[in-house]
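Letter by letter, the chains look like this.
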Amino acid sequence: SQQGEEDPQALSIQEGENATMNCSYKTSINNLQWYRQNSGRGLVHLILIRSNEREKHSGRLRVTLDTSKKSSSLLITASRAADTASYFCATGRGTTSGTYKYIFGTGTRLKVLA
Amino acid sequence: NAGVTQTPKFRVLKTGQSMTLLCAQDMNHEYMYWYRQDPGMGLRLIHYSVGEGTTAKGEVPDGYNVSRLKKQNFLLGLESAAPSQTSVYFCASSYWMGGGSNNEQFFGPGTRLTVL
């Protein structure tokens, strides 16, 4: 299975509510990133959290990382219709061959109802 | 500043035909990537490049070739297209590839390829 697995696969909430999505991974990582993808568009970087960080904020976004549980969560507060998109986590780690790998999860589809 | 651009946006091929997807970035990034996105599969890395003149295999390289003759361009080639290569292809670039900062990837808008 893939390194990054998000849950839930789909989430539907009312405008103004908070949205929480989770990402689990299997191996040790250097950092974890969250991306947003609007329908039919490319991915846009939201936030990066390093393996030695536990929490990070950016505007209405809050990301936590628990390396002991190999999981991360993305919280979007006071959601807006414009937040409707798919959200992906991407884990980055070095490899034994000296290269670096990013692995993207399968994504959470968020729908914010006005 | 256009960021990352991809051409074409859409393409329909017949099995066995060949084509080249072009990716261009104007951010002077060293690192460039080609991904494919399939329903329920997330993004999978096909090939990547750590600088002009270099290429490396990603997770799903079979059936694809790449070239990075100029720093700003990264080409993805399909020599003999197969229906299994029907997908949306994304190019991305980054300043850095590794732990720490500056490894945010900037994505192009994607190319939707259908192989009949």
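Structure shown above.
The shown structure was predicted, so the numbers you read here are calculated from the model rather than taken from an experiment.

Summarise the environment of alanine 114 of chain A; cite the residues concerned and give the values.
Residues and elements named next belong to chain A. Mapped onto the elements, alanine 114 comes out in the segment after strand S11 (108–113). Accessibility expressed as a relative area gives 84% for alanine 114, which makes it exposed. A C-alpha to C-alpha distance of 29 Å links alanine 114 and phenylalanine 104, two positions 10 residues apart in sequence.

Would you mind going over the layout of surface pockets in detail, with residue names and values included?
Counted as a void, the largest pocket has a volume near 710 Å³. Taken together, 30 residues make up the lining of the largest pocket; nearest its centre are Gln37, Gly40, Ser86 and Phe88 of chain A together with Gln37 of chain B. Elements represented by at least two residues in the lining of the largest pocket include exactly strand S9 (85–94) and S11 of chain A together with strand S4 (31–38), strand S9 (87–94) and strand S11 (111–115) of chain B. Classifying every residue of the lining of the largest pocket by side-chain character gives nine nonpolar, 16 polar and five charged.

Help me get a handle on the pairing of S11 of chain B, residues and values and all.
All names here are of chain B. On S11, burial follows the alternation: Thr111, Leu113 and Val115 on one face are buried, whereas Arg112 and Thr114 on the facing-out side are not. For strand S2 (residues 10–13) and S11, the ladder comprises four bridges, and the chain directions are parallel. Bridged to phenylalanine 10 within S11 is arginine 112. As judged from the three bridges shared by S9 and S11, these two strands associate in the antiparallel manner.

Could you give me a rundown of the nonpolar core, with the residues and numbers involved?
Residues and elements named next belong to chain A. Formed by 21 residues in total, the largest nonpolar core has its most connected members in Met21, Leu32, Trp34, Leu74, Ile76, Tyr87 and Leu110. Contributions of two or more residues to this core are made by strand S3 (19–24), strand S4 (31–37), strand S5 (43–50), strand S7 (61–66), strand S8 (71–76), S9 and S11. With residues near it in sequence (within four places) discarded, leucine 32 still touches Cys23, Tyr25, Ile47, Leu48, Ile49, Leu65, Ser72, Cys89, Ala90 and Thr91.

An account of the state of the cysteines is requested, with residue identities and associated values reported.
Joining two cysteines, a disulfide is a covalent bond between their sulfur atoms. Residues and elements named next belong to chain B. Counting across every chain of the model gives two disulfides over all chains. With its sulfur 1.8 Å from that of its partner, cysteine 23 forms a disulfide with cysteine 91. Across the S-S bond linking cysteine 23 and cysteine 91, the dihedral sits near -75°, which makes this disulfide left-handed. Taken together, the residues cysteine 23 in strand S3 (residues 19–25) and cysteine 91 in strand S9 connect sequence positions 68 residues apart.

Break down the interface of chain B and chain A for me, with residues and values.
Tallying the contact residues gives 22 residues for chain B and 20 residues for chain A. Buried surface at the junction of chain B and chain A, both sides included, amounts to about 1,600 Å², of which 52% is carbon and sulfur. Taken as a group, Leu43, Gln105 and Phe107 of chain B account for 25% of the area that chain B buries against chain A, more than any other trio of residues on that side. Where chain B meets chain A, there are zero salt bridges. Mapped by element, the contributors of at least two residues to the side of chain B that touches chain A are S4 and strand S5 (42–49) of chain B. Element by element, the count of residues in the side of chain B that touches chain A is highest for S5 of chain B, at four residues. Of the residues in the side of chain B that touches chain A, the class split is 10 nonpolar, 10 polar and two charged.

Break down unusual backbone geometry for me, citing the residues and quoting the values.
Omega for the bond connecting aspartate 7 of chain A with proline 8 of chain A falls within 30 degrees of zero, at 0°, which places this linkage in the cis form. Its place among the elements puts proline 8 of chain A in the loop between strand S1 (5–7) and strand S2 (10–14). The peptide bond linking threonine 7 of chain B to proline 8 of chain B adopts the cis configuration, its omega dihedral lying at -5°. Following the sequence through the fold, proline 8 of chain B ends up in the loop between strand S1 (4–7) and S2. Phi at lysine 70 of chain A takes a positive value of approximately 55°, unusual for a residue other than glycine. Within the secondary structure, lysine 70 of chain A sits in the loop between S7 and S8. By relative accessible area, which is 29% here, lysine 70 of chain A ends up partly exposed. Unlike most non-glycine residues, asparagine 28 of chain B shows phi in positive territory, near 60°. In this structure, asparagine 28 of chain B sits in the loop between S3 and S4. By relative accessible area, asparagine 28 of chain B is classed as exposed at 52%.

Rules behind the numbers
- Residues numbered from 1 in each chain as written.
- Chains lettered and ligands numbered in written order.
- Predicted model: local features only at pLDDT ≥ 70, side-chain atom pairs only at ≥ 80, totals over all residues.
- Heavy atoms only, no water.
- Helix = DSSP H or I, 4+ residues; strand = E, 2+ residues; numbered from the N terminus.
- Buried < 20%, exposed > 50% of the residue type's maximum accessible area, 1.4 Å probe, protein only.
- 1 Å grid on protein atoms, 1.4 Å probe; cavity = no way out; pocket = protein on both sides within 12 Å on 5 of 7 lines; lining within 4 Å.
- Points joined across faces, edges and corners; volume = space filled by probe spheres on them.
- Nonpolar A, V, L, I, M, F, W, Y, C, P; charged D, E, K, R; others polar.
- Pairing = 2+ DSSP bridges.
- Core = buried A, V, L, I, M, F, W, Y, C linked by side-chain atoms within 4.5 Å.
- Contact = heavy atoms within 4.5 Å.
- Disulfide = S-S within 2.5 Å.
- Buried area = accessible area lost by both parts, 1.4 Å probe.
- Salt bridge = Lys/Arg side-chain N within 4 Å of Asp/Glu carboxyl O.

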